[in-house]
Amino acid sequence: EGMALPQRILFPPEEICMDWQQRQRPGAGLCNLGSTCYINVILQCLTYTPPLANYLLSRDHSQLCHRQGFCMMCIMEAHVRKVLRSSANVIWPRAVVRDLKFIGEEFEPDMAGDAYEFLCCALEAMQRACLSGSRDVDISSQTTTIIHQIFGGFLKSRVTCLRCQAVSDSYKAFLHVLLDIKAPSSLTTALEHFVTPKKLHGKYCLKCSKCEKKVTSSRRVTVHRVPKVFTVCLERAADHTGKKISKIVEYPEYLNLRPYMSDTAGEPLLYSLYALVVHSGDTCLDGHFFCYTKASNGLWYKMDDESVDNCGIHAVLRQQAYLLFYAR
């Protein structure tokens with residue numbers, strides 16, 4: 001369907017388990033090593049992502065890894081094992097902070113950072129680690145790593161020429177989706193806005209292959225293939241000055257992605273919320289990050305650096321969410 005088939009499958013999809021293989025109380029809190037709350041929230045959300053945690057706890061990666069030096073998958077494997085398996089109440093995420101520059105050049109151990117940027121860089125670093133032993137892998141095969149099999153989906157972009165109605169489709173892999181919340185007041189209206197066709201005119205005109213010149217066209221982006229874990233960032237930066245959109249954007253505990261698909265016919269595609277990140281502060285350039293995660297025992301916990309406190313779903317759904325994690 002216009003998408004190239006992978007030449008190799010780097011991780012067998014049938015080996016991904018979406019349910020916790022072991023149920024236990026929540027693990028340790030994470031010590032803040034200066035200005036590292038933005039790192040801690042992402043580490044906690046990834047630790048409580050069931051298919052990723054199941055894989056990391058199995059130690060399958062480290063047993064086969066031949067990387068010299070920095071490997072994000074090995075670091076995450078050691079971290080998740082430490083958080084979930086040790087009896088400590090607080091863990092120092094020293095290895096992550098020590099290798100911060102390998103995860104993203106923009107991060108400094110003693111400087112505040114953005115949780116979404118750290119998530120993007122952490123997922124990319126894990127993806128690079130999964131590809132390290134595989135040379136000359138085609139683009140389609142790169143989307144068959146364990147990381148893409150869990151977090152990855154495909155978006156379809158359909159451009160329609162408004163002069164001759166010619167249509168051209170393109171596809172793009174994604175690991176997370178950034179949503180505009182300037183107008184929307186809920187996650188579902190933000191997703192509706194995301195898939196609404198946008199007019200491309202003036203300097204945004206594209207060349208039509210049929211008309212053979214730049215013409216006004218319409219572009220519609222839809223979710224073409226869904227991920228197992230759907231990760232959303234509600235864009236709270238109002239502009240480049242760091243002004244923050246502080247309004248509450250409603251989000252459900254259960255989300256149906258079917259209305260935002262290229263093909264809206266068919267069974268509902270249901271997802272369940274299992275983690276979210278909150279930013280507290282007046283601007284995007286300062287403040288504090290904390291998160292809520294659902295542990296393997298099915299209970300919700302507020303995780304704020306060292307503290308891990310039990311809470312109910314009503315408190316979870318009333319937050320000024322910044323990042324939302326939904327599992328299929």
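Residues numbered from 1 in each chain as written. Predicted model: local features only at pLDDT ≥ 70, side-chain atom pairs only at ≥ 80, totals over all residues. Heavy atoms only, no water.

The protein chain carries the name UBP42 hydrolase in an unreviewed UniProt entry, which gives Horornis vulcanius as its organism.

S.K.: Would you mind showing me how to read the pairing of strand 3 (residues 153-161) here?
M.R.: Both faces of the sheet carry side chains from a regular strand, because those side chains alternate between them. The element strand 3 is extensively covered by neighbouring structure, given that eight of its nine residues are classed as buried. Inspection of the sheet shows strand 3 paired to strand 4 (residues 167-174) by eight bridges, in the antiparallel sense. Residue pairing in the sheet places G153 in a bridge with F174 of strand 4. Counted along the chain from strand 3 to the antiparallel partner strand 4, the turn is five residues long, and its residue Q165 has a positive phi close to 70°. Relative to strand 9 (residues 217-225), strand 3 runs antiparallel, the two being bridged by eight bridges. (Buried < 20%, exposed > 50% of the residue type's maximum accessible area, 1.4 Å probe, protein only. Helix = DSSP H or I, 4+ residues; strand = E, 2+ residues; numbered from the N terminus. Pairing = 2+ DSSP bridges.)

S.K.: Whenever I open this one, unusual backbone geometry confuses me. Can you help?
M.R.: Leaving glycine out, the prevailing phi sign among residues is negative, and the prevailing peptide bond configuration is trans. The backbone of Q165 sits at a positive phi, close to 70°, despite the residue not being glycine. In this fold, Q165 is placed in the loop between strand 3 and strand 4. Of note, D305 is a non-glycine position whose phi angle comes to about 50°, a positive value. Tracing the backbone shows D305 in the loop between strand 14 (300-304) and strand 15 (307-311). Assessed through its relative accessible area of 11%, D305 is described here as buried.

S.K.: What's the story with the UniProt feature "domain: USP" (unreviewed entry) in the protein chain in this structure? I'm lost.
M.R.: In the UniProt entry, the feature "domain: USP" (unreviewed entry) is given for residues 28-328. End C-alpha atoms of residues 28-328 are separated by 26 Å, and the span's content is 29% helix alongside 29% strand. (UniProt positions renumbered as here; feature names shortened; annotations may be inferred.)

S.K.: I tried to follow the environment of L255 on my own but got confused; where do I start?
M.R.: The residue L255 is located in strand 11 (residues 254-256) in this model. Accessibility expressed as a relative area gives 1% for L255, which makes it buried. Considered as a pair, L255 and P268 are 13 residues apart in the sequence and their alpha carbons are 9.4 Å apart.

S.K.: Explanation requested: the nonpolar core in the structure shown.
M.R.: Soluble, globular proteins show a tendency: their nonpolar side chains are buried together. Grouped together as the largest cluster of nonpolar side chains are 65 residues, with contacts concentrated most on M73, F118, I147, V277 and L323. Of all the elements, helix 7 (residues 115-131) adds the most residues to this core, at 12 residues. What V277 contacts, discounting residues up to four positions off in sequence, is V41, I42, C45, A115, F289, F290, C291, A321, Y322, L323 and F325. Counting 34 residues, the second-largest nonpolar core is a separate cluster that includes L155, L255, C311 and L324. (Core = buried A, V, L, I, M, F, W, Y, C linked by side-chain atoms within 4.5 Å. Contact = heavy atoms within 4.5 Å.)

S.K.: What's the story with the side chain of S140 in this structure? I'm lost.
M.R.: With respect to the helices and strands, S140 occurs in helix 8 (residues 139-142). Those residues in contact with S140 that sit more than four places away from it in its chain are A4, L5 and P6.

S.K.: So what exactly am I meant to see when it comes to the packing of helix 1 (residues 37-47) against helix 4 (residues 72-85) here?
M.R.: Close contact between helix 1 and helix 4 brings their axes to 10 Å; oriented N to C, the two are set at 80°. The orientation of helix 1 relative to helix 4 falls into the category roughly perpendicular. The segment helix 1 lies against helix 4, with L43, Q44, L46 and T47 engaging M76, H79, V80, V83 and L84. (Axes fitted to C-alpha atoms, helices over the stretch in contact; angles between N-to-C directions. Parallel < 35°, antiparallel > 145°, perpendicular 65-115°, else oblique.)

S.K.: Got a minute to help me understand helix 2 (residues 50-57) in this structure?
M.R.: Three or four residues apart is the spacing at which side chains of an α-helix point the same way, because the helix has 3.6 residues per turn. The element helix 2 is largely enclosed, with a buried count of eight among its eight residues. When we look at burial in helix 2, the residues that qualify are P50, P51, L52, A53, N54, Y55, L56 and L57. In the segment just after helix 2, R59 is the residue with positive phi, at about 65°.

S.K.: Even after reading the chapter, I still don't get the pattern of salt bridges, so can you show me in this structure?
M.R.: Oppositely charged side chains are able to pair whenever their charged atoms sit close together. Applying the stated criterion across every chain yields a total of three salt bridges. Between R98 and D99 there is a salt bridge, and its shortest N-O distance comes to 3.1 Å. The closest approach of N and O atoms between R158 and D169, which form a salt bridge, is 2.8 Å. Of this pair, R158 sits in strand 3 while D169 is found in strand 4, placing the two residues 11 residues apart along the sequence. (Salt bridge = Lys/Arg side-chain N within 4 Å of Asp/Glu carboxyl O.)

S.K.: I'm lost on the sheet that holds strand 9 in this one. Help?
M.R.: Ordered by their spatial adjacency, four strands build an open sheet running 4-3-9-6, and the pairing between neighbours is antiparallel. Two strands close off the open sheet at either side, each with one partner strand: strand 4 and strand 6 (198-200). The sheet shows a mean angle of 30° between the axes of neighbouring strands, direction not considered. Pairing between strand 6 and strand 9: three bridges, direction antiparallel. Its bridge partner being in strand 9, K199 is matched across the sheet by S218. Sheet contacts for helix 10 (residues 187-195): strand 3, strand 6 and strand 9; angle to strand 9, the most-contacted strand, approximately 125°.

S.K.: What is the right way to look at the environment of C71 in this model?
M.R.: Residue position: C71 is located in the loop between helix 3 (60-64) and helix 4. Separated by 59 residues in sequence, C71 and C130 have C-alpha atoms that sit 9.1 Å apart. When sequence neighbours within four positions are dropped, the list of residues in contact with C71 reads H61, C65 and A129.

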